[in-house]
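Okay, here's what each chain looks like letter by letter:
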Amino acid sequence: MTEPLRIAIVGHTNAGKTSLLRTLTRKVDFGEVSDRPGTTRHAETIDLRIDGAVAVRFIDTPGLEDSVALLDYLNTLAADTRPERVRAFLRGPEASRSFEQEAKVLRALTESADAAMIVIDTREPVLPKYRAELEILSWCAKPIMPVLNFVRSVGTRLPEWHQALLESGLHARVEFDVVAPFNGSERQLYGDLATLLPARRQQLAGIVDALTLQARERRLAACRVAASTLIDVAAMRRALPAEEFADELRQQAFVRAFQDDVRRHARRAVDDLLAVFAFRPDDAELAEMPQLGGRWEDDLFNPELLKEAGKRLGLGAAIGAGLGMVADVAMAGLSLGAATTLGATLGGAASGGWRPLWRKLENRLNGVQELTVEDPVLLLLADHLLDLARALEQRGHAALHKLRVTDEQVDPGLDEVVRALGPARGHPDWERGDRRRGAGDADRQALESDVARALDRRFEPAAA
Amino acid sequence: MTAQPAPDRTPLTTAVVLDAVRRIESDGPLDDQAALQQAFRTRSTRAEQIAERGWLLGQRLGLPAELARWRGLGGGVAALLAVAMALAGLGMARAVLGEGRSINAIAAFVSLLGLHAAMLAVWLLALLLFQGRWAGPWLGRLALWLTARLPLERGPHAPTLLQSLTAVLQRQRLLGWLTGALSHGIWSLAFVIMLAALAFGFAFHAYRLTWESTILSAAFFQRFVQVTGALPGLLGFPVPDAAAVQSVGNAVAADTGVRAWGDATSQRQWAWWLMGCVAVYGLLPRLLLLALSVQRFKAGARRLGALEMADPYVQRLLQRLDALEPPPQVIDPERPAGGADVPRAPHAAPGAPGSLALIGFELPPEAAWPPPGVAADAVLLERIAGSARERQAVMARLAEARPAALLLAVHAASSPDRGTARFVRELQPHASRLALWPMGEGGAARWRQWLESEGFTALALVESTQDAANWIASAHD
């Protein structure tokens, strides 16, 4: 087995070292992240494991805070070469006194790392202390990869930093927003490291491949979560006797209960998506995501949004008015035995047996009304879940692309997904719930794969 | 834990057990801590660990044992069904037996092979139309269902396991081949039984094989026997010739019994023809298809095994396995009281009362300097980016100017660091009053916290231009 790559993560205090490590290792609970200065005061290792084996061993270090004075001090030391000076400093008394924290950084880099990543907050001006940091690190004679953080923030001074890095003799660099990394920038990070560590090129390529595969698997798993929930909601069917339906109060209560069930499915999908991307529901970094606030679940039955979604599906303004049924606000997004579901039931009968169709006819004869979800709700739900999955994949900050579902933002390509959900309408038994094994049905699993693939095709926002 | 007699662990049984465990877990998680730990310790890759965990849980639930029981039971069920099929065939043949010992040979041919031929046609058609998606012939499915449902020592999870088996096989497009193999196997067995019964009957009873018809001619029967007998004939079965066919035709209707009996040779030929047809058109194709189904099934089962990782359930398990990895290790611990000890310069002689120095430290280039409305009358107004030379220069000029009060402006949004702390300590001897002014939006609270934690109790903190003006003015009181 090859030795794991050892990389020291260095940088000024609060540049985002620990955040970078959380992102790279996908461990939301690693270290302590806060904007209090100097949160990390010890050197700590954390492993990136691929399939259980250590691929990269990162060393989280304290901030190199007093660089100007340290550089001054290093210059006073008598030694032939610069690395020699660094070693002399580490042996000397000041390494455990004035510059104890800095010594930890340099010790980690010189003694236990193959390379360093220096995390730079590009919102900061290029001050002498940062130049001193770069200079001291370069004295350790280890490859250094600058990681430019906060590159998408308003106050970023990217060009100045590019210039400063060139002046310090650092020609490789990677732009990496640790909280909201670009898609694939993690892979680029390792790819670029290979230029600094030619001997480790193959190993790094292996890491890049494994990470690509993992990302792909996570995305597909997320699509399956969304697909399964969409099937649940499409399969939902609740019967209500005619006399109860005539009573307006009971009808409203019934509709509300139905909508609550839809929201319950949506929440379950949110929890599952969080789990797929290794987040906890109460994660600080997620706190600002509007998708998680629960507000969007109400959007699913917002008549305005439904109308727009209906237009996307070519349904015109006929939402809630399926086949002679009364459309009122309370019924938004739900329909009573509309023709579409009957058609779907007929379609489903071929594969799922005739029982659903028979029961439907029986209900018709007995005057029992059946409530189902209309396509626009499915479209909105699919759109929301996909947006959430994209945001989680990017670990996005809400501020960067705030999500509000308006008519422009519903992805028109998703009607393919909604159409694919047709067979689920004929299978009320496919809805997952307490003590129900709906999910295990082979036909349902096949449909889940189909819908997941359709969602996957719409995953890249650029494709919209 | 005692080691159970391990039932064979093949890719197929593993996949089925994993699927069943997953189904059982969809009702609520199982207590898998021990299994997860054991899998984590004993297997190296994540996929193997997840499979091992599922297998261990399955063992606890008795799933592999249940599968092994099916394997034992399956043969019995198949034999039972085969006997039933054979009896049905023979019974039908019996129903067309004539009075006494007379057998309508052609009707016997149809009743022995008719059902089989019809089902075989359905099987072939479905195979062509639905490819692998077809669940297979009903006979095979019935055998599978019976095996799982028979109450002999049935485990509590048998129905789930059956669902899993069908689901796993259907996903791999193998279910049709398994049920096909079962069905062909049952039919093969049934034909063996039929042949044995026929051979026994013909060996020890003197039957009279005849044909009869109201509308068909003797030529038709001659042709029929000739065509059907061609293939068995190739294998050495005797075939009744035209004369023999002619001689037994419409025997019952014939007025003299002598002709109808024909000669013994032709009767023997008739019996061999019937058995030959059952063997060649019944047993042989079923045996060949049995071999094909078994081969396809085994080949498919060997391809099985790779765990689908792009799955929410698997991803959750992956994360739980990741959590078992050793936690991050501190390699260079924090040492308490490692505070920087900057040499304290003796306090300079106090400057002129009311004199003020304003120093901007590490301010961003776009910050307005000097800050409008403050310190127009400062004895020293300096802004430095923080290099060592600048710091020394400022110290020198401070020593010269000797201000009574010193206001240090820093960038509020930046993090306070120990470099700043060092600078503050160096400034302290140069003025009797010292205040820190974080300029710009936000971060003041962080700077206040920092002043406390660094022990700069003598420093005031001003948060706005107004504050700063007040602080400067307060010196005059």
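Along each chain, residue indices are assigned from 1 in the same order as the chain's sequence is written. The naming scheme follows written order: chains are lettered A onward, ligands numbered 1 onward. Note on the predicted model: pLDDT of at least 70 is required for a residue's local features to be given, and 80 or more for side-chain atom pairs to be given and counted; whole-chain, interface and lining totals, by contrast, use all residues.

(A) Representation of the overall build of chain B within the structure. For helices the rule is a DSSP run of H or I covering at least 4 residues; for strands it is a run of E covering at least 2, with both sets numbered from the N terminus onward. Each helix and strand counted, chain B has 17 helices and eight strands in total. Exposure classes come from backbone-placed C-beta atoms, where a residue is buried if 20 or more other C-beta atoms lie within 10 Å of its own, exposed if 12 or fewer do, and partly exposed in between. Counting only residues that meet the buried cut, chain B has 39% of its 477 residues in that class. Counted over contacts in chain B with a minimum sequence separation of 6, partners at least 24 positions apart contribute 78%. Contact between residues is assigned whenever the C-beta positions, reconstructed from backbone atoms, fall within 7 Å.

(B) Spotlight on the overall build of chain A. Within chain A one finds 18 helices and nine strands. Expressed as a percentage of its 464 residues, the buried residues of chain A come to 47%.

(C) Seen up close, the sheet that holds strand β1 (residues 5-11) of chain A. Strands pair, by our definition, only if DSSP identifies at least two bridges between them. Read from one edge to the other, the open sheet built from seven strands follows the order β6(A)-β5(A)-β4(A)-β1(A)-β3(A)-β2(A)-β3(B), with strand pairing classed as mixed. A strand with exactly one partner marks an edge of an open sheet, and here the two such strands are β6 (174-175) of chain A together with β3 (329-332) of chain B. The pairing of strand β5 (residues 144-149) of chain A with β6(A) spans two bridges and is classified as parallel. Looking at the pairing, A:V147 lines up with A:V174 of β6(A).

(D) Summary view of the nonpolar core. Here a nonpolar core is just a set of buried residues of the types Ala, Val, Leu, Ile, Met, Phe, Trp, Tyr and Cys, joined wherever their C-beta atoms sit within 7 Å. Core analysis: the largest hydrophobic core is formed by 82 residues, its most contacted members being B:V16, B:A105, B:I186, B:A190, B:L274 and B:V278. Excluding its chain neighbours within four sequence positions, the residues that come into contact with B:L274 are B:A105, B:A108, B:F109 and B:L198. One finds A:L64, A:F99, A:I136 and A:C140 within the second-largest nonpolar core, a separate group that totals 60 residues.

(E) Broad picture of the sheet that holds strand β8 (residues 460-461) of chain B. All names here are of chain B. With parallel pairing, five strands are arranged side by side in an open sheet as β5-β4-β6-β7-β8. Taken across any chain shown, the strands that pair with only one partner, and hence form the sheet edges, are β5 (380-384) and β8. All axes here are fitted lines through C-alpha atoms, helices being fitted over the stretch that makes contact, and every angle between N-to-C directions spans 0 to 180 degrees. Seen against the sheet, helix α14 (residues 388-401) touches β4 (352-361), β5 and β6 (403-411) and runs at an angle of roughly 170° to β5.

(F) Focus on the environment of A:P159. Residue and element names in this part refer to chain A. Looking at the secondary structure, you find P159 in helix α6 (residues 158-167). For P159, a count of 9 C-beta atoms within 10 Å translates into the label exposed. C-alpha separation for the pair P159 and L249, spaced 90 residues apart in sequence, amounts to 65 Å.

(G) Spatial organisation of the domain arrangement of chain B. Parsing chain B into structural domains produces domain 1 (61-316) and domain 2 (352-474). Domain segmentation is taken from an automatic or database assignment of domains. Taking the mean C-alpha position of each, domain 1 of chain B and domain 2 of chain B sit 100 Å from one another.

(H) Broad picture of unusual backbone geometry. At the junction of B:W369 and B:P370, the peptide bond is cis and its omega measures out at -5° in the coordinates. Within the fold, B:P370 resides in the loop between β4 and β5. The backbone of A:D51 sits at a positive phi, close to 55°, despite the residue not being glycine. For A:D51, the location among the structural elements is in the loop between β2 (43-50) and β3 (53-60).

(I) Layout of the interface of chain A and chain B. Tallying the contact residues gives 50 residues for chain A and 47 residues for chain B. Mapped by element, the contributors of at least two residues to the side of chain A that touches chain B are β2, α2 (67-76), α4 (100-112), α5 (128-138), α8 (201-235), α10 (248-276) and α18 (442-457) of chain A. In this classification, the charged set is Asp, Glu, Lys and Arg, the nonpolar set is Ala, Val, Leu, Ile, Met, Phe, Trp, Tyr, Cys and Pro, and all remaining amino acids, among them Gly, are polar. For the side of chain A that touches chain B, the residue count by class is 18 nonpolar, ten polar and 22 charged. Here β2(A) runs beside β3(B); their pairing, made up of three bridges, is antiparallel. Within β3(B), the residue paired with A:A43 across the bridge is B:D332.

(J) Structural detail: the packing of helix α7 (residues 185-196) of chain A against α8(A). All names here are of chain A. One can describe the packing of α7 onto α8 by two numbers: an axis separation of 8 Å at closest approach and a directional angle of 170°. Comparing the axis directions of α7 and α8 gives the class roughly antiparallel. On α8, the residues touching E186, R187, Y190, G191, L193 and A194 of α7 are R201, L204, A205, I207, V208, L211 and T212. For the contact of α7 with α8, the per-class residue count stands at eight nonpolar, two polar and three charged. With respect to orientation, any angle under 35 degrees is reported as roughly parallel, any angle over 145 as roughly antiparallel, any angle of 65 to 115 as roughly perpendicular, and every other angle as oblique.

(K) How the structure looks around the confidence of the model for chain B. Residue and element names in this part refer to chain B. Here chain B averages 81 in pLDDT, while 88% of its residues score no lower than 70. Segment residues 1-5 is flagged for pLDDT under 50; beyond a separation of four residues in sequence, or across chains, it makes one contact in the model. In the predicted complex, the global pTM is 0.76; the interface-specific ipTM is 0.76. Residue-level confidence of the predictor is what pLDDT reports, using numbers from 0 through 100.

(L) Spotlight on the pairing of strand β7 (residues 433-439) of chain B. Residues and elements named next belong to chain B. A large share of β7 lies buried, amounting to five of its seven residues. In this structure, β6 lies alongside β7, joined through seven bridges in parallel fashion. Pairing of A405 across the sheet is with R433, part of β7. Remark: the β6/helix α15 (residues 418-427)/β7 crossover connection has right-handed handedness. With two bridges connecting them, β7 and β8 associate as parallel partners. Paired with A435 across the bridge in β8 is A460. By the criterion used throughout, a crossover qualifies as right-handed when its path from the first strand across the helix to the second strand runs clockwise, the strands pointing away from the viewer.

(M) Layout of the environment of A:I9. Residues and elements named next belong to chain A. Position of I9 relative to the elements: it lies in strand β1. In this structure I9 comes out as buried when scored by C-beta crowding, with 28 C-beta atoms within 10 Å. In this structure, the C-alpha to C-alpha distance between I9 and L109, residues 100 residues apart in sequence, is 8.7 Å. Look past the residues within four positions of I9 in its chain and what remains in contact with it is K17, L20, L21, F58, I59, D60, T61, M117 and V119.

(N) Examining the packing of helix α3 (residues 82-91) of chain A against α4(A) more closely. Residues and elements named next belong to chain A. With their axes 10 Å apart at the nearest point, α3 and α4 run at an angle of 125° to one another. Considering their axes alone, α3 and α4 lie oblique with respect to each other. Viewed along their axes, α3 and α4 form a crossing whose handedness is left-handed. Only A103, L106, R107 and T110 of α4 make contact with α3, whose side of the interface consists of V86, R87 and L90. Its residues placed into classes, the contact of α3 with α4 shows four nonpolar, one polar and two charged. Handedness of a crossing is defined here by the sense of rotation of the near helix relative to the far one, left-handed for an anticlockwise turn of less than a right angle and right-handed for a clockwise turn.

(O) Structural context of the confidence of the model for chain A. All names here are of chain A. Of the residues in chain A, 72% have a pLDDT of 70 or more, and the chain-wide mean is 77. Mean pLDDT across the elements of chain A ranges from a minimum in helix α13 (residues 339-352), with 42, to a maximum in α6, with 93. Within the model, pLDDT remains below 50 along residues 316-330, and this stretch shows 27 contacts once partners closer than five positions in the same chain are excluded. Note that residues 337-353 has pLDDT below 50 and, in this model, 38 contacts with residues that lie over four places away or in other chains.

(P) The arrangement of the environment of B:V330 in detail. The residue B:V330 is located in strand β3 in this model. Beyond its immediate stretch of four places on either side in the chain, B:V330 contacts A:H42 and A:E44.

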